[in-house]
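# Chain and residue survey
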Amino acid sequence: MVLRKAALVAALAATAGAWSCNDAGAETLMTLTSLQATDAGAVCNDGTPAAYYFAPGSPSSKTFLVYLSGGGQCYDAASCAGRGDGSLYPHHNCSTSDASKPCFLSSKDYGATCNKTGIFSEDPAANRPLHGAHKAYVPYCSSDAHMGDGEKFGLQFRGRRIVDAVLADLAAHKGLGDADLVVFGGGSAGGRGAMVHLDRAAATLKAAGAGAVVGFLDSPYYVDVAPYPPAHFVGFLTEMEDAYENFDTSGVVDAACEEAFPDAPWKCTFGEYRMPFLKTPYLLVASQFDGWQISNSILGYNGIVADPVLDANETAYADALADTTRGLVAALPAKQVSDPKSSVFSIACYSHHASEKAKFADERALDSNASQADALFMFLQPSVTTSLKYVDGGAGGFATC
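- As annotated in an unreviewed UniProt entry, the protein chain carries the name Pectin acetylesterase and is attributed to Aureococcus anophagefferens.

Below you can see the structure in the form of structure tokens.
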């Protein structure tokens, strides 16, 4: 499919969903910690050492945020090559990349510091739930949604080892093992990584001495629907199957989920199929008009179109996707498995991965007028023991609000 000219212009300007530093309004200064001494095998695609950024919180705080960043992923030789040469998301050419447009296969462009906002903000008005928390931000250089531990196409896919090394380093050097509360999460590809890691991360953290562990899962929720014809897109389930085979993501697959899908274990890295098996309490953020799903499935664009203009048939597809998403997330958590506190924030707007930006406090559900920051604040209250549902109704249709 050839992208319409107006959509192409918007697409080329869109950057939401990728990891980033020093965005407009970012005020929380975070410093870089290399993982080379913790695990020499925790490396980026090109073999350079992975790392994370850290900002200490209030001296009295025993709350930690551990956040896996986003940026799409690859799944076969061609898509991985496209991430390197800039032809595919995030459209940064690694041969000419710099700190403002970093290579997503390497740590070579990581700066010594990184300013963040949104869920990382230290402003109580903008970040009621976590302004005083200790915060770790994991930039994304493994192209495997933080799930793999293998080698393919001459590249390293060690996302799982990177996550494990971050948790180990935080416990050994930053006080994570003494935390009363750990919010483990991420956005976009990082949200999907946090989704599949959540239960095993909770077990690791509790074994290290941490108290309560909860998940904050921003935009991990792929829905298993066929792409809108004739988009040049293989579909998310095919991508997950290929990534599972190529990058050895089997190590993050939940045993109960795998038993439910013995002939298709890669489904356990896919939102619609993974979420019902989560045991650790979580707040799921899932826009009903998810920008990544609509841009890829309808427009055939590997990225996020900033302000898509859809024709009548495309709008009908988007509305049906929203209806499906709304019905599925409203049924969460799975009562027989999940913690009853697990909650959902699902707006009827075109959006994706807002938690690293000011939209964390500004973008609001249409029906409740709650923001992600509001929802997370309420979710973290000890007095809340049952599921919170910020799920917009479906009367409005496709909207870019």
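### What about the overall build of the protein chain?
- A count of helical and extended segments in the protein chain gives 11 helices and 14 strands.
- Over its C-alpha trace the protein chain gives a radius of gyration of 19 Å, about what one expects of a compact globule, namely 21 Å for 401 residues.
- The principal-axis extent of the C-alpha atoms belonging to the protein chain is close to 55 × 50 × 45 Å.
- The burial tally for the protein chain puts 60% of its 401 residues in the buried class.

### Focus: the side chain of S121
- Locating S121 in the fold gives a position in the loop between strand 4 (113-116) and strand 5 (134-138).
- We classify S121 as buried; its relative accessible area is 2%.
- Separated by 3.1 Å, the side chain of S121 and the backbone nitrogen of D123 make a polar contact.
- Sequence-distant contacts of S121, that is, excluding residues within four places in its chain, are made with E27, T28, A126, N127, L130, H131 and K135.

### Some remarks on the confidence of the model for the protein chain
- Confidence in the prediction for the protein chain averages 93 pLDDT; 95% of positions are at 70 or higher.
- This model gives residues 1-15 a pLDDT under 50, and the stretch forms 27 contacts once residues within four places in sequence are excluded.

### Remarks on unusual backbone geometry
- A cis amide bond links Y89 to the next residue, P90, at an omega of 10°.
- The amide bond that connects L332 to the next residue, P333, takes the cis arrangement and shows omega of -5°.
- When you line up the elements, P333 lands in the loop between helix 9 (312-330) and strand 12 (343-346).
- Phi is positive for N22, which is not a glycine, with a value near 60°.
- Looking at the element boundaries, N22 is found in the loop between helix 1 (5-13) and strand 1 (28-34).
- With a relative accessible area of 48%, N22 lands in the partly exposed category.

Cut-offs and rules
- Residues numbered from 1 in each chain as written.
- Predicted model: local features only at pLDDT ≥ 70, side-chain atom pairs only at ≥ 80, totals over all residues.
- Heavy atoms only, no water.
- Helix = DSSP H or I, 4+ residues; strand = E, 2+ residues; numbered from the N terminus.
- Rg over C-alpha atoms; globule rule 2.2 N^0.38 Å.
- Buried < 20%, exposed > 50% of the residue type's maximum accessible area, 1.4 Å probe, protein only.
- Polar contact = N/O pair within 3.5 Å; in protein donor to acceptor, adjacent residues only side chain to side chain.
- Contact = heavy atoms within 4.5 Å.
- pLDDT = per-residue confidence, 0-100.

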